[in-house]
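Reading the structure
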Amino acid sequence: MTEPIRLTRHDDVIAAAQDPERFSSRTSHHLHVPNGMDGAEHRAFRDVVERQMTPAVVASLEPMLAATAREVVAALPRNESIDAVADVGEVFAVRAQCRWLGWPASIEAELREWMAENYAAARAADSSRNAAVAAWFDEIVSRQVAAHRDGSERDGTADDATHRLLAERVQGRALTDDEIVSILRNWTAGDLGSLARCVGVVVHRLAEHPRWQERMRTLAGRVSADSAELDAILGECLRIDDPFVANKRVTTCPVTTPSGVVLDAGSPVLLDWTAANLDPDVFSPGFDPHAHGEHNLVFGAGPHVCPGRDLSYAELRAIAVALLEGTDGIQFAHGRQPTRHLPPLAGWATLPVILR
């Protein structure tokens, strides 16, 4: 297998992300809706996904997200070490996702077990193990789709993301089960671990920089009136320690990138969001939410920019506010060192902190 060429310069990554005709997202033989699609097909399925995450939909979810976050934080012990990734990020991510999708609380433990195995399989780089993990997740999703279909037949009044997806149509037809499972796999498998790692990145920043913790604590008290500054700070946390490492593309013709990288037709490419978000030609040193926000690539760029960006910010804002309002301080646990995820993952694997 040809080793992919990693694009790391901000200009190169932006150019590739915004040029789907020459940098195709069809990089797998498996169905990936809509991430592994191009052109009109991508647009049609992207519309389906975006309808589930409109500003109005996200706004309607915010009370649930806030309540879930407060519930998670209230259950945490004070003045003793906890793991901000597992005990905060994973618990909140799984619970909030299940409530949004209309999945039962009884599945939360299995989803967390799957997350652990998914991390282990990614680190092992074992294709058969990764295939088994993917099959397990498809079975989890298929089980929920079947349960929602049965529920829809009995009572069509349910209003959650899974029911709404079952009612969607694309290009004049109903979605197939494989397409529904693929979309839900993307939402859940892609988002659960990502959100947990985002929480770890933000909590690490809070614990490491008390000044920013106090600034965010002040903002959390009035976030209902204006969330823009808090979101800018959250975005800058993720830019500096980007948990979304890279996305695959393949060239459809010979291409030379803005920085002069020469690519043959059929070249596998990695858009390295992490490196691009630290490009010194674009970003000054240090933490500057407002100066850097315009060029931040945490959620991608171009036609494949993350459709769940607003939802992700709403989720991360909810748990950040709950942590800041529900505690008097967040600090590193004495004598216990955080650990990083190993490639191909990024962010914190464990983050021992103490809530005051």
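Please refer to the structure placed before this passage.
The rules behind the values
Residues numbered from 1 in each chain as written. Predicted model: local features only at pLDDT ≥ 70, side-chain atom pairs only at ≥ 80, totals over all residues. Heavy atoms only, no water. Helix = DSSP H or I, 4+ residues; strand = E, 2+ residues; numbered from the N terminus. Rg over C-alpha atoms; globule rule 2.2 N^0.38 Å. Buried < 20%, exposed > 50% of the residue type's maximum accessible area, 1.4 Å probe, protein only. Contact = heavy atoms within 4.5 Å. Areas by Shrake-Rupley, 256 points an atom, 1.4 Å probe, with all protein chains shown as cover. Lys, Arg positive; Asp, Glu negative; His and termini not counted. Charge placed at Lys NZ, Arg CZ, Asp CG, Glu CD. Disulfide = S-S within 2.5 Å. Pairing = 2+ DSSP bridges. Axes fitted to C-alpha atoms, helices over the stretch in contact; angles between N-to-C directions. Phe/Tyr/Trp six-rings, centres within 6.5 Å; stacked < 30°, edge-to-face > 60°. Lys NZ or Arg CZ within 6 Å of the ring centre and 35° of its normal. Core = buried A, V, L, I, M, F, W, Y, C linked by side-chain atoms within 4.5 Å.

Helices and strands together make up the secondary structure of the protein, namely 13 helices and 13 strands. Here the C-alpha atoms of the protein give a radius of gyration of 20 Å, agreeing with the 21 Å that 2.2 N^0.38 yields for 356 residues. Projected onto its principal axes, the C-alpha positions of the protein cover 60 × 55 × 40 Å. The proportion of buried residues among the 356 residues of the protein is 49%. Considering only contacts in the protein between residues 6 or more positions apart, those separated by 24 or more positions represent 71%. Carbon together with sulfur atoms contributes 52% to the accessible area of the protein, which is approximately 16200 Å² in total. For the protein, the separation between the mean place of its 35 positive charges and that of its 50 negative charges on side chains is 2 Å.

The next point concerns the state of the cysteines. Covalent bonding between the sulfur atoms of two cysteines defines a disulfide. All told, the structure shown has 0 disulfides when counted by the stated rule. Of all cysteine sulfurs in the structure, the one in Cys198 sits closest to Cys237, which takes part in no disulfide; the separation is 10 Å. Free cysteine: Cys306, not disulfide-bonded; nearest cysteine sulfur from Cys198 at 9.8 Å.

This part covers unusual backbone geometry. Cis geometry marks the peptide bond from Val33 to Pro34; its omega dihedral reads -10 degrees. Counting through the fold element by element, Pro34 comes out in the loop between β2 (23-24) and α2 (39-51). Here Pro343 and Pro344 are connected by a cis peptide whose omega angle stands at 15 degrees. Along the chain, Pro344 turns up in the loop between β11 (339-340) and β12 (348-350). Phi is positive for Asn79, close to 65 degrees, though the residue is something other than glycine. You can see Asn79 is positioned in the loop between α3 (55-74) and β3 (81-83). The phi dihedral of Gln171 falls on the positive side, at around 50 degrees, and the residue is not glycine. Here Gln171 lies in the loop between β4 (169-170) and β5 (173-174).

Pairing is mixed in the open sheet, where 4 strands are placed in the order β1-β9-β6-β2. If you trace the sheet from one side to the other, it starts and ends with β1 (5-7) and β2, each paired once. Here 3 bridges tie β1 to strand β9 (residues 268-272), and the two strands are oriented parallel to one another. Residue pairing in the sheet places Ile5 in a bridge with Val269 of β9. Where helix α1 (residues 10-17) meets the sheet, it contacts β1, β2 and β9, and its direction lies at approximately 120 degrees from that of β9.

Per the stated rule, a full pass over the model turns up 5 aromatic pairs. Pairing Trp114 with Phe137 gives two aromatic rings, centres 4.2 Å apart and planes at 50 degrees, and the pair type is tilted. Residue Trp114 is located in helix α5 (residues 108-124), and its partner Phe137 is located in helix α6 (residues 127-154); the two are separated by 23 residues in the primary sequence. There is no split in this pair, since Trp114 and Phe137 are both buried. An aromatic cluster is present here, built from Phe244, Phe299 and Tyr313 joined pairwise through their rings. Seen from the ring of Phe283, Arg239 lies directly overhead, with NZ or CZ sitting 4.5 Å from the centre. Across the ring face of Trp348, the terminal group of Arg340 is positioned such that the distance to the ring centre comes to 4.5 Å.

For the rest of this paragraph, the subject is the nonpolar core. Membership of the largest hydrophobic core comes to 88 residues, with the highest contact counts inside it found for Leu111, Leu184, Trp187, Leu316 and Ile319. Tallying contributions element by element places helix α8 (residues 177-208) first for this core, with 14 residues. Discounting chain neighbours no more than four positions away, the residues touching Trp187 are Val49, Gln52, Met53, Gln97, Trp100, Leu101, Ala161 and Leu165. In this structure, Ala16, Phe23, Leu297 and Ala301 belong to the second largest nonpolar core, which totals 13 residues.

The quantities given are spatial measurements derived from coordinates; they are silent on function.
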